[in-house]
Amino acid sequence: MRSLTTLLVAALCLGTVAATPAVTDDVRPADVGTAGAHQDLDRLDPVRYSYEDAIVEWVQVGSRNGKDRIWVDLIRPDTGDTGEPVPTILIASPYYNTLGRGWRGELKTPHQGPEVPTSPGVPLLAGGEAAPFPEWYDEYFVERGYAVALMDLRGTRNTTGCQVYGDRDEVYDVVDTVDWIADQPWSNGKVGMTGGSYDGTVAIGAAVEQPMTGRHRDALAAIIPIRAIGRWYDYHFMNGVQSFGHTLTPALFTAALAGADTQNSGTDDPLTPLWIAERKACIPTAGAIVDAGYASPFQDTRDEFWTERDFVKNLPGSRAATFVIHGLFDYNVKTNNAGHLWESLPEQLPKKLWLMNGDHVDPHVPTPEDAAAGSHVMPFPFQERFVEATHRWYLEFLKGVDAGATDGPDVEIQRRDGSWDADDTFPAAGDDLVLYPTADGALSTDGPEEGTLSWQDAAIGATSATLVSEPLPRDTRISGQLGFDLTLTTEGPDTTVAAQVLALPPGRGPGDSSTDVWTTETDRPLRTSYAWARAWYRDSIPLRGLSSPVAGGPVEGGEPFELAFGSLYTDLVIPEGWRLSVRFSNAATTVPAATGGTVSLDL
């Protein structure tokens, strides 16, 4: 078994905490984001071109299907008489006309003039003000000799076709765009991709697809996926359990956003009315088919629907240096996405992982107040550090300059005081500490005892069972996945087992109001992690690692069965004197089976 630091819950043992001490100051990485660091970058990759003189254009790249047109807005430095070829930073997004990009939610302005209105966004989810090139990449990188290309994803803004929400056609369009960029006389043949959420997701997909079907297999040289999805299954399901918060998300993209999004550039094309009509016609046709694929609560991950949306399975062939950034408390794109991605990256590939103290937030956000204004949590912003690390990554892998991008630790984790701890691996090396449930609701290291704990899996009248440990005798690091290994008995043919893990400050109980904010001032229970599993898939779910539920079947009521499963990935140092709590129920933000009746945990 891999050396993981976990909380293990077993049929005979419930729960472990890694007794690995906190990382000490002597292995903490050197501070970055300082004036000296930027002076170093200014020497290695100085400002050499005028932003005001940059060349701005839009292009329509032909899709490999021979029909659709991929819209790309492009800004690149005017290299003058030297004709120096430049690398490109590409961001492909479905949001340029609707939700906007970056922490400001900027929309993309149309190019042919202000008389053509920008889509106003979607009510309650509308983007902010319009900019020719949303986010910060053009302002920073063009002067330093990079092109920046912003691509409208299939079925959005000015790219034709249907919004297919995760289908491989989206990735094909990105690869075709990368190939087009590599063919241009102004290009040095190297492309980097980045972006948050959906944008980072298609960057991962393109990184695995480029070597397989791209004409320039090494063109996509570096990616920085931020709070991104590695497998679409891992966004909507966890060990066979459907996320309640994401049940309507496919329809948001294939119907609500598709209905609000209208082409607003290049409208002098005589075919524009046909493209617009096609997009609206996609809603009840292709959109409905996509929605149906996500709808069933029982999902066999061998189905073509899910294998097309699984980028992790092809990661061993990726050639793009990969810098993963994810929030420890991101319960939108959950941390299992970052964990599975990280563990599946090729060993020889340059890679780096940052786990930030925040939720589904943009790491470029400058202040906690700006994060909160966007309904996000980031107690300790690190904008300058993020910009510097991004610059080093692209300088090294797009221009071939030794910029120290991979110097220092492979893994860094932001702690509750805003500082960063370093490690060479994630999950961290450590020992499992096994905790066992007791009949009086404790978590103990003393071993199993006789008896059961029970809760109700029912549509009405559902209950829960809560376990609490003794105070931790020292600061204790929990890294990776907490593992649950249970023996259960149900009355009905199926059940959802949901576990919420809390870290309890002294004087606080599991029933007190909890928080996702992790600071030295935190005085409420901290939601540390969650875990879910569906008994239907009990034979195909691992204790830890990548879960691909297949060939499920009902359980026999009244007969005990074993169910092992892992939690979301995390990495926290729980202070001395705090306690851990595990609450078992039938849902915890997911869709319950509600068919198990009384569910009994064998101690």
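In this text, all values refer to a predicted model and were calculated from it rather than measured experimentally.

**Some thoughts on the overall build of the protein**
For step 1, the next point in the chain: Regarding its fold elements, the protein presents 12 helices and 26 strands.
For step 2, the next point in the chain: Its C-alpha atoms give the protein principal-axis dimensions of roughly 80 × 55 × 40 Å.
For step 3, the next point in the chain: Buried positions account for 61% of the 603 residues belonging to the protein.
For step 4, the next point in the chain: In the protein, of all internal contacts separated by at least 6 residues, the share reaching a separation of at least 24 is 77%.
For step 5, the next point in the chain: Here the protein has roughly 21,600 Å² of accessible surface; of this, 52% comes from carbon and sulfur atoms.
For step 6, the next point in the chain: Separation between the mean location of the 44 positive side-chain charges and that of the 84 negative ones in the protein comes to 3 Å.

**Looking at the packing of helix 6 (residues 249–260) against helix 8 (residues 286–295)**
For step 1, the next point in the chain: For the pair helix 6 and helix 8, interaxial distance at closest approach is 9 Å and the crossing angle is 175°. In this view, helix 6 runs roughly antiparallel relative to helix 8, as classed from their interaxial angle. Together, P250, A251 and T254 of helix 6 and G287, V290, D291 and Y294 of helix 8 make up the contact between the two elements.
For step 2, the next point in the chain: Taken together, the residues that form the contact of helix 6 with helix 8 break down as 4 nonpolar, 2 polar and 1 charged.

**Overview of the sheet that holds strand 9 (residues 220–226)**
For step 1, the next point in the chain: One open sheet accounts for 10 strands, arranged 2-3-7-4-8-9-12-13-14-15; its pairing is mixed. At either margin of the open sheet sits one strand with a lone partner, and together these are strand 2 (55–62) and strand 15 (420–423). With direction set aside, neighbouring strand axes in the sheet form an average angle of 20°.
For step 2, the next point in the chain: With 8 bridges connecting them, strand 2 and strand 3 (residues 69–76) associate as antiparallel partners. Within the sheet, the bridge partner assigned to V59 lies in strand 3 and is V72.
For step 3, the next point in the chain: The sheet contacts of helix 12 (residues 383–398) involve strand 4 (86–93), strand 8 (187–196), strand 9, strand 12 (321–327), strand 13 (351–356), strand 14 (411–414) and strand 15, and relative to strand 9 the element is tilted by about 160°.

**Some words on the packing of helix 3 (residues 168–183) against helix 4 (residues 198–213)**
For step 1, the next point in the chain: Running from N to C, helix 3 and helix 4 cross one another at 70°; their axes reach a closest spacing of 8 Å. Comparing the axis directions of helix 3 and helix 4 gives the class roughly perpendicular. Pair helix 3 / helix 4 crosses with right-handed handedness. Each of R168, E170, V171, Y172, V174, V175, V178 and D179 in helix 3 lies in contact with helix 4, whose residues at this interface are Y198, V202, G205, A206, E209, Q210, M212 and T213.
For step 2, the next point in the chain: Of the residues contributing to the contact of helix 3 with helix 4, the split by class is 9 nonpolar, 3 polar and 4 charged.

**Concerning the pairing of strand 22 (residues 496–504)**
Every other side chain in a regular strand lies on the same face of the sheet, so the side chains alternate between the two faces.
For step 1, the next point in the chain: For strand 22, the buried fraction is high: 9 of the 9 residues fall into the buried class.
For step 2, the next point in the chain: Burial of strand 22 is two-sided: the residues T496, A498, Q500, L502 and L504 facing one way and the residues V497, A499, V501 and A503 facing the other way are all buried.
For step 3, the next point in the chain: Here 8 bridges tie strand 22 to strand 23 (residues 526–534), and the two strands are oriented antiparallel to one another. Bridge pairing in strand 23 places A498 opposite W532.
For step 4, the next point in the chain: Summarising the sheet, strand 22 and strand 25 (residues 579–585) pair through 7 bridges and their orientation is antiparallel.

**Brief notes about the nonpolar core**
For step 1, the next point in the chain: Ranked by size, the top nonpolar core spans 102 residues in total, and within it V174, M193, W232, F484, L488, F565 and F584 carry the most contacts.
For step 2, the next point in the chain: Take this core: its biggest share by element is 7 residues, from helix 4.
For step 3, the next point in the chain: Excluding anything up to four places from it in sequence, V174 contacts L90, A92, M151, L153, M193, V202 and A206.
For step 4, the next point in the chain: Y140, A321, A371 and W420 belong to the second largest nonpolar core, which has 40 residues in total.

**Focus: the environment of A498**
For step 1, the next point in the chain: Take A498: it is sitting in strand 22.
For step 2, the next point in the chain: When its relative accessible area of 0% is taken as the criterion, A498 is described as buried.
For step 3, the next point in the chain: Sequence separation between A498 and A588 is 90 residues; the distance between their C-alpha atoms is 5.9 Å.
For step 4, the next point in the chain: Once residues lying within four places of it in the same chain are set aside, the contact partners of A498 are A531, W532, R583, F584, S585, N586, A587 and A588.

**Points about the packing of aromatic side chains**
For step 1, the next point in the chain: If you walk through the whole model with that rule in mind, you get 36 aromatic pairs.
For step 2, the next point in the chain: Pairing F305 with W306 gives two aromatic rings, centres 5.2 Å apart and planes at 85°, and the pair type is edge-to-face.
For step 3, the next point in the chain: Using a relative accessible area of 3% as the deciding quantity, one classes W306 as buried.
For step 4, the next point in the chain: Feature note: the residues Y95, Y165, Y198, W232, Y233, Y235, F237, F253, Y294, F305 and W306 constitute an aromatic cluster, connected by ring pairs.
For step 5, the next point in the chain: A cation over a ring is seen here: R144 above Y140, with NZ or CZ 3.9 Å from the ring centre.

**Remarks on the pattern of salt bridges**
For step 1, the next point in the chain: Using the criterion set out here, one finds 32 salt bridges in the structure.
For step 2, the next point in the chain: One salt bridge in this structure joins K108 and D73, with 2.6 Å as the shortest N-O distance. Here K108, found in strand 5 (residues 107–108), pairs with D73, found in strand 3; they are 35 residues apart in sequence, far enough to count as distant. Neither residue differs from the other here; K108 and D73 are each classed as buried.
For step 3, the next point in the chain: A salt bridge links R415 to D421, with the nearest nitrogen and oxygen atoms 3.0 Å apart.
For step 4, the next point in the chain: Overall, D421 belongs to the buried group, its relative accessible area being 3%.
For step 5, the next point in the chain: Here the residues in one salt-bridge network are K67, D68, R154, D173 and E278, joined through shared partners.

**Some remarks on the confidence of the model for the protein**
For step 1, the next point in the chain: The predicted model of the protein averages 89 in pLDDT, with 90% of residues at 70 or higher.
For step 2, the next point in the chain: Taken as a whole, residues 1–32 scores under 50 in pLDDT and shows 133 contacts with residues more than four places along the chain or in a different chain.
For step 3, the next point in the chain: Here residues 113–117 is a poorly scored stretch, pLDDT under 50, and it has 3 contacts once near neighbours within four places are set aside; other chains count.

**Notes on the environment of E170**
For step 1, the next point in the chain: One can find E170 in helix 3.
For step 2, the next point in the chain: Among the residues examined, E170 registers a relative accessible area of 1% and is labelled buried.
For step 3, the next point in the chain: For the pair formed by E170 and D424, sequence separation is 254 residues and the distance between their alpha carbons is 34 Å.
For step 4, the next point in the chain: The contacts of E170, once residues within four sequence positions are left out, are L153, R154, Q163, V164, Y165, Y198 and V202.
For step 5, the next point in the chain: A distance of 2.6 Å separates a polar atom in the side chain of E170 from a polar atom in the side chain of Y198.

**Side note on the pairing of strand 8**
For step 1, the next point in the chain: With 7 of 10 residues buried, strand 8 is to be regarded as a mostly interior element.
For step 2, the next point in the chain: Of the strand pairs in this sheet, strand 4 and strand 8 are connected by 4 bridges, and their pairing is parallel. Paired with L90 across the strands is M193, a residue of strand 8.
For step 3, the next point in the chain: The pairing of strand 8 with strand 9 spans 6 bridges and is classified as parallel. By the bridge assignment, T194 is partnered in strand 9 with I224.
For step 4, the next point in the chain: Running through helix 4, the crossover from strand 8 to the neighbouring parallel element strand 9 is right-handed.

Reading the values: rules and limits
- Residues numbered from 1 in each chain as written.
- Predicted model: local features only at pLDDT ≥ 70, side-chain atom pairs only at ≥ 80, totals over all residues.
- Heavy atoms only, no water.
- Helix = DSSP H or I, 4+ residues; strand = E, 2+ residues; numbered from the N terminus.
- Buried < 20%, exposed > 50% of the residue type's maximum accessible area, 1.4 Å probe, protein only.
- Contact = heavy atoms within 4.5 Å.
- Areas by Shrake-Rupley, 256 points an atom, 1.4 Å probe, with all protein chains shown as cover.
- Lys, Arg positive; Asp, Glu negative; His and termini not counted.
- Charge placed at Lys NZ, Arg CZ, Asp CG, Glu CD.
- Axes fitted to C-alpha atoms, helices over the stretch in contact; angles between N-to-C directions.
- Parallel < 35°, antiparallel > 145°, perpendicular 65-115°, else oblique.
- Nonpolar A, V, L, I, M, F, W, Y, C, P; charged D, E, K, R; others polar.
- Pairing = 2+ DSSP bridges.
- Left-handed = near helix turned anticlockwise from the far one by under 90°.
- Core = buried A, V, L, I, M, F, W, Y, C linked by side-chain atoms within 4.5 Å.
- Phe/Tyr/Trp six-rings, centres within 6.5 Å; stacked < 30°, edge-to-face > 60°.
- Lys NZ or Arg CZ within 6 Å of the ring centre and 35° of its normal.
- Salt bridge = Lys/Arg side-chain N within 4 Å of Asp/Glu carboxyl O.
- pLDDT = per-residue confidence, 0-100.
- Polar contact = N/O pair within 3.5 Å; in protein donor to acceptor, adjacent residues only side chain to side chain.
- Right-handed = clockwise from strand over helix to strand, strands pointing away.

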